[in-house]
Amino acid sequence: MVFKVARVETTPFDGQKPGTSGLRKKVKVFMQPHYLQNFVQSTFNALGADKVRGATLVVSGDGRYYSKDAIQIIIKMAAANGVRRIWVGQNGLLSTPAVSAVIRERVGADGSKANGAFILTASHNPGGPHEDFGIKYNMENGGPAPEGITDKIYSNTTTIKEYLIAEGLPDVDISIIGVTSFGGPEGQFDVDVFDSASDYVKLMKSIFDFQSIQKLLSSPKFTFCYDALHGVAGAYAKRIFVEELGAKESSLLNCVPKEDFGGGHPDPNLTYAKELVARMGLGKTNTEQEPPEFGAAADGDADRNMILGKRFFVTPSDSVAIIAANAVQAIPYFSGGLKGVARSMPTSAALDVVAKNLNLKFFEVPTGWKFFGNLMDAGMCSVCGEESFGTGSDHIREKDGIWAVLAWLSILAYKNKDNLGGGKLVSVEDIVRQHWSTYGRHYYTRYDYENVDAGGAKELMAYLVKLQSSLTEVNNIIKGIRSDVSKVVHADEFEYKDPVDGSISKHQGIRYLFEDGSRLVHEAHIVQAQRHFTKMVLNCLWRHHGFSDFLGPSEGATIRLYIEQYEKDSSKTGRDSQEALAPLVDVALKLSKMKEFTGRSAPTVIT
């Protein structure tokens, strides 16, 4: 079948500015005539004809509503723009980490390698006809497009006059594995539909000792539960955990991918992963059944993770620190040692302490996985993580939720290699408490205030920025709130100089450093006129973020409050987290005038 190239006249849409998380809007916005097409053509134009013609591109995503329609549109536009072949995961499903793996690892039957990918996801945001959709472009290293490219894409969206699309090219059946070939003005064009899991599973088996994990999962003493929240992780869960590692199929929860994520919110935290939380004994009511030893959850596109033990929650900040501390012994991929470790600024300093004790290179970077990617490409970082349930390593250039679960199972398998026949199992809680006794504990929690009035959020931020000009005034306010909270001893503005390319990221946060090691930080980023995303962080740290580093809902403002306190005394590391943090929570809410500015007396989510 031969297709023709049509040039379709169009006009720009406002607000098509992508960040490292891509472009995210409501489905109804994307379904407007020409809306998706404008963005895709602007991306092709930003990449340049030399990068597009003859290229091999991956097009897949988390399976959310509108994905299948979007895939067919992108296939037709790719053909018209001279792309040689498109790779599509079966049924259009590929997790974000699997896309990165496919770009980096997969070799086509004809020897082709991928040059990049369109990933269709809005991450942990709800899906469905009235919910969110998203698209982002990843480069040949498997990582998100850098600012240089996303800025060009945005610029192109403001001036676009036409897009190219193939006429006479039928929809491709993406439910059937195989190659479909077409003829066009520039020759053959192929659409290769392939198994979504095979390449990713192969990569995981090259990183972890599946045999040792299998021994753990097959032990009658060890019980396991994994919740995909009806996201794309379900396309990998049965293959990896059941078929490869021998877990019981009954240990999988919500592992059938659905366009609307089963009507739920595919965000792996204690609020939204209700079924898993209840099964693990962390619900509001006690379960009659004994909880499993280990539980985990994924978000919509499977790049995030939550780790739980029996009646025990592992903070993401502790999780990356514990993985780093045990990686060399427990994970074959790291047996030669770690090149370095890194965390995003809001993440607790638990990883810093591990790096110092193990004499590892350590990097604190602004929020955005691209900063980790630069370090990894330069061979400077092996393990990294962020407080928002993202953990990963240099095996790909995205965070990887299933990788984190396998890392934890590897650590559990290593710690219990002599206990499976007899003796008490070393539990998730045991591992965490042992870590605290060795490295100290970073008491840490996060309060999310979602869909806050944008005006109130902006006023709150303006107030906090103004307040930072006088440490004396700040300390007087703190003393009036709680006499048992440390004083602020220094204030600066977080600035990151990338050790790889020398680029400087300025204005990344106005930080207040407390005498006892707590931190208070404000960050300000340019926000699109119709989209506001505000983060307030007491880590003590406060951050103000734009939609470009979007982590919350795609409408309104989100305020996030992070609270951290370091405790070195091993006799005091077993306190209840909320009790230990209560003085700082009190200071955070009153210092920021949270209730006055937002009208909220309680957060939407606590993790």
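Procedures and definitions
Residues numbered from 1 in each chain as written. Predicted model: local features only at pLDDT ≥ 70, side-chain atom pairs only at ≥ 80, totals over all residues. Heavy atoms only, no water. Helix = DSSP H or I, 4+ residues; strand = E, 2+ residues; numbered from the N terminus. Rg over C-alpha atoms; globule rule 2.2 N^0.38 Å. Buried < 20%, exposed > 50% of the residue type's maximum accessible area, 1.4 Å probe, protein only. Areas by Shrake-Rupley, 256 points an atom, 1.4 Å probe, with all protein chains shown as cover. Lys, Arg positive; Asp, Glu negative; His and termini not counted. Charge placed at Lys NZ, Arg CZ, Asp CG, Glu CD. Axes fitted to C-alpha atoms, helices over the stretch in contact; angles between N-to-C directions. Parallel < 35°, antiparallel > 145°, perpendicular 65-115°, else oblique. Left-handed = near helix turned anticlockwise from the far one by under 90°. Contact = heavy atoms within 4.5 Å. Nonpolar A, V, L, I, M, F, W, Y, C, P; charged D, E, K, R; others polar. Phe/Tyr/Trp six-rings, centres within 6.5 Å; stacked < 30°, edge-to-face > 60°. Expected span 1.5 Å × (residues − 1). Polar contact = N/O pair within 3.5 Å; in protein donor to acceptor, adjacent residues only side chain to side chain. Pairing = 2+ DSSP bridges.

Enquirer: Tell me about the overall build of the protein, residues and numbers included.
Expert: Check the secondary structure of the protein and you find 19 helices and 27 strands. On C-alpha atoms alone, the protein measures out to a radius of gyration of 24 Å, which is about the 25 Å that the 2.2 N^0.38 rule sets for 607 residues. Structurally, the protein occupies a C-alpha span of about 75 × 60 × 45 Å along its principal axes. A total of 607 residues make up the protein; the buried ones form 62% of that total. When the accessible area of the protein is evaluated, it comes to approximately 22,600 Å², of which 48% is carbon and sulfur surface. Across the protein, the centroid of the 67 positively charged side chains sits 2 Å from that of the 71 negatively charged ones.

Enquirer: Tell me about the packing of helix H11 (residues 316-330) against helix H12 (residues 350-357), residues and numbers included.
Expert: For the pair H11 and H12, the least separation of the axes is 8 Å and the interaxial angle reads 15 degrees. Classified by the angle their axes make, H11 and H12 are roughly parallel. Note on packing geometry: the crossing formed by H11 with H12 is right-handed. Where H11 abuts H12, its residues Ser-317, Asp-318, Val-320, Ala-321, Ala-324 and Ala-325 lie against Ala-350, Leu-351 and Val-354. Of the residues in the contact of H11 with H12, the class split is 7 nonpolar, 1 polar and 1 charged.

Enquirer: I'd like a rundown of the packing of aromatic side chains, residues and numbers included.
Expert: Evaluated as defined, the whole model comprises 20 aromatic pairs. Pairing Phe-30 with Tyr-35 gives two aromatic rings, centres 5.4 Å apart and planes at 80 degrees, and the pair type is edge-to-face. Taking the relative accessible area as the measure of exposure, Phe-30 reaches 0% and is therefore buried. Relative to Phe-389, the ring of Phe-313 has its centre 6.4 Å away and its plane inclined at 45 degrees; by these criteria the two rings are tilted. In this pair, Phe-313 sits in strand S14 (residues 312-314) while Phe-389 sits in the loop between strand S17 (383-386) and strand S18 (390-393), placing the two residues 76 residues apart along the sequence. No difference in accessibility class separates Phe-313 from Phe-389, as the two residues are buried.

Enquirer: Before we move on, could you go through helix H14 (residues 401-415) and cite the residues and values that matter?
Expert: Relative to the 21 Å expected for 15 residues at 1.5 Å per residue, H14 spans 21 Å between its end C-alpha atoms, a close match to the ideal helical length. Its side-chain oxygen 3.4 Å from the backbone nitrogen of Ile-402, Asp-400 forms the N-cap of H14.

Enquirer: Give a description of the sheet that holds strand S16 (residues 362-365) that names residues and reports values.
Expert: Ordered by their spatial adjacency, 4 strands build an open sheet running S16-S15-S17-S18, and the pairing between neighbours is mixed. At either end of the open sheet lies a strand with only one pairing partner, and these are S16 and S18. Between one strand axis and the next, the sheet turns through 15 degrees on average, direction left out of account. Against the sheet, helix H13 (residues 369-377) touches strand S15 (341-344), S16, S17 and S18, its axis set at about 170 degrees to S17.

Enquirer: Got a sec to walk through the pairing of S17? Specific residues and values, please.
Expert: Of the two faces of S17, the one carrying Val-383 and Gly-385 and the one carrying Cys-384 and Glu-386 are both buried. Note: S15 against S17, 3 bridges, orientation parallel. Residue pairing across strands places Arg-343 opposite Gly-385, the latter belonging to S17. As judged from the 4 bridges shared by S17 and S18, these two strands associate in the antiparallel manner. Bridge pairing links Val-383 to Ser-393 in S18. Hairpin connection, S17 to S18: the antiparallel pair is bridged by 3 residues, and Phe-389 has positive phi, about 65 degrees.

Enquirer: Explain the sheet that holds strand S26 (residues 557-567) to me, using residue names and the numbers behind them.
Expert: The strand order across the open sheet built from 3 strands is S26-S19-S27, with neighbouring strands paired in antiparallel fashion. A single partner strand is all that each edge strand has here, and the edge strands are S26 and strand S27 (605-606). Packing against the sheet, helix H16 (residues 454-467) makes contact with strand S19 (441-452) and S26, and its axis sits at approximately 40 degrees to S26.

Enquirer: Mind laying out unusual backbone geometry, listing which residues take part and the relevant values?
Expert: Within the chain, Leu-229 stands out as a residue other than glycine whose phi angle is a positive 50 degrees. Inspection of the secondary structure puts Leu-229 in the loop between strand S10 (224-227) and helix H9 (234-244). Despite not being glycine, Phe-389 has its phi angle at roughly 65 degrees, a positive value.

Enquirer: Residue-level account of the packing of H14 against helix H15 (residues 428-439), with values.
Expert: Running from N to C, H14 and H15 point in directions that differ by 85 degrees, and their axes come no closer than 10 Å. Judged by the inter-axis angle, H14 sits roughly perpendicular to H15. Two secondary-structure elements touch here, H14 through Trp-408, Ile-411, Leu-412 and Lys-415 and H15 through Val-428, Ile-431 and Val-432. Tallied by class, the residues present in the contact of H14 with H15 amount to 6 nonpolar, no polar and 1 charged.

Enquirer: Describe the side chain of Asp-448, and please don't skip the residues or the numbers.
Expert: Along the chain, the position of Asp-448 falls in strand S19. Accessibility expressed as a relative area gives 2% for Asp-448, which makes it buried. A distance of 3.0 Å separates a polar atom in the side chain of Asp-448 from a polar atom in the side chain of Arg-446. Of the polar contacts made by the side chain of Asp-448, one reaches the side chain of Arg-560; its length is 3.0 Å. Beyond its immediate sequence surroundings of up to four residues, Asp-448 is in contact with Ile-559, Arg-560, Pro-603, Thr-604 and Val-605.

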